[in-house]
Each structure stands twice: as C-alpha cells, then as structure tokens.
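Chain and residue survey
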Amino acid sequence: GAGVSQSPSNKVTEKGKDVELRCDPISGHTALYWYRQSLGQGLEFLIYFQGNSAPDKSGLPSDRFSAERTGGSVSTLTIQRTQQEDSAVYLCASSLAGNGETQYFGPGTRLLVL
Amino acid sequence: KNEVEQSPQNLTAQEGEFITINCSYSVGISALHWLQQHPGGGIVSLFMLSSGKKKHGRLIATINIQEKHSSLHITASHPRDSAVYICAATASGSARQLTFGSGTQLTVLP
C-alpha cells in the first residue's frame, strides 16, 4: 500500500509570501503529525491531529503557522509571510491510532525562503 | 537540558565492527523509538519499544525503564548502515508527538 506522501517535494519562495504544504497520510491512520528539521538542527514537533479531537498546536513556532486536516485525512500546513528562518524540511508522519505506536514518515518538503 | 540525549554525536567504524548508540531521557515515556535517516532525508522507523529488547536482523534495541536509558546496537556493521540514527520518545500522558534526540551520524568504512 502507499506510504505517507507529501507535496511539493521542494518549494522555493520569496520572503513574505505564503506557502502551503500538503500531506497525505496512510489510509486508515487516524493520527497525523507535522515536524520540522532545520539545517543542522534536530527534528522538532509542530502540530498533531488525532481523529476529530482538537489538534495539539503546542509546537507551532508562531501564529504565522497553521494547519488543518480535512475529513480526517489530508492535511495542509500553511506558513504565512514566510521568513528566512522558516527554511527547513517539513516532515509529516502518520500512525494508526496515536497511542505512541510506530509513526510512518513522508519524504518531506524542502522549503527554501529567499 | 534536552529531554532526550543521544551519544555519541558522530561515530566512525570499520566494516564488521559492533556498534552501540546510547539514548537517555528525562521524561516519563510511553514508548521509545529508534529512527534511521539516510542521506536524502527519508526517515524510517526501526524500533518502537516500551520495555525489554527487540531484534530485527543485525539491529538490536534495548531499554531500561528504571535507568531511563536505551541503546541501539548494530552487529557486523556494513557501509550501507551509514546514516543518522535518531532516538525519540513518546511522553506518557496525552501528548503523542515525538521528542527527538539530536541524532548520531554513523559512518561505516569498508
């Protein structure tokens, strides 16, 4: 079966523009996570969706970042008024039930803000 | 202090050597994960464990809950094992996201 997919794979944008990153989780997975890996930095948590519950947004670095998950499947991470420090690889992962079990990662979107 | 600490940060080994990567954590956890990230960035989950030991091929992961410590071992290492190995924890309680260690860059020389 298909794994987690993300699009676009690469995105170059100008400072101040808005960007949307998409994640298609594995079918049937109720939990979806967004993480970020900045150049030379470790992975950091951004936001977590579990079923129909309110998302855990505790990792979002600023109010320029938002995410939604429509119909319990596809998720979009939006960054408004991008800044150069937003340049990173944005990774999406999904898991079956969000109970601390194995997370399956997508290939990531490499974002470069000029 | 990070909640998840890994060591060493970098590790170079000769093909065939036995390799150990260590991970310590300071929070209560429901699970400890070992991930592998190859050049190009793809991340693969190797193990998820909450107690004892798991083995898959040449890879072995152990965890000591009392000491809040986990190890990843690679037996008979091979150049294709070269990657970044990342320890990550799922905190106990309602939070289900991963908290990551800084990763160990492993290079296995032929």
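These remarks concern the structure in this document.

Reading guide: rules and limits
Residues numbered from 1 in each chain as written. Chains lettered and ligands numbered in written order. Predicted model: local features only at pLDDT ≥ 70, side-chain atom pairs only at ≥ 80, totals over all residues. Heavy atoms only, no water. Pairing = 2+ DSSP bridges. Helix = DSSP H or I, 4+ residues; strand = E, 2+ residues; numbered from the N terminus. Axes fitted to C-alpha atoms, helices over the stretch in contact; angles between N-to-C directions. Polar contact = N/O pair within 3.5 Å; in protein donor to acceptor, adjacent residues only side chain to side chain. Contact = heavy atoms within 4.5 Å. Buried area = accessible area lost by both parts, 1.4 Å probe.

Details of the sheet that holds strand 1 (residues 5-7) of chain A
For sheets, the rule is that strands pair by backbone hydrogen bonds, running either parallel or antiparallel. Residue and element names in this part refer to chain A. Reading across the sheet, the four strands line up as 1-3-7-6 and stay open at both edges, with antiparallel pairing between neighbours. In this open sheet, the two edge strands, each paired with only one partner strand, are strand 1 and strand 6 (65-69). With direction set aside, neighbouring strand axes in the sheet form an average angle of 15°. Bridge count for strand 1 against strand 3 (residues 19-24) is three bridges, and the pairing is antiparallel. Considered in strand 3, the bridge of Gln6 is made with Cys23.

Thoughts on the sheet that holds strand 8 (residues 69-74) of chain B
Residue and element names in this part refer to chain B. The sheet built from five strands is open, its strands ordered 1-3-8-7-6 with antiparallel pairing. Sheet topology places strand 1 (4-7) and strand 6 (52-56) at the edges, where each strand pairs with a single neighbour. Taking each pair of neighbouring strands and ignoring which way they run, the sheet shows an average axis angle of 15°. The pairing of strand 3 (residues 19-25) with strand 8 spans six bridges and is classified as antiparallel. Bridging across to strand 8, Ser24 finds its partner in His69.

With respect to the side chain of A:Thr82
All names here are of chain A. Looking at where Thr82 falls in the secondary structure, it is placed in the loop between strand 7 (75-79) and strand 8 (88-95). At a separation of 3.2 Å, a polar atom in the side chain of Thr82 contacts the main-chain carbonyl oxygen of Glu14. Dropping the residues within four chain positions of it, Thr82 is found in contact with Thr13, Glu14, Lys15, Gly16, Lys17, Val19, Arg64 and Val113.

Here we look at the interface of chain A and chain B
Residue-level contacts link 18 residues of chain A with 16 residues of chain B. Here chain A meets chain B over a buried area of about 1400 Å², counting both sides, of which 59% is carbon and sulfur. Remark: the boundary between chain A and chain B carries two residue pairs in polar contact (both at pLDDT 80 or more). For the side of chain A that touches chain B, the elements supplying multiple residues, two or more each, are strand 4 (31-37) and strand 5 (43-50) of chain A.

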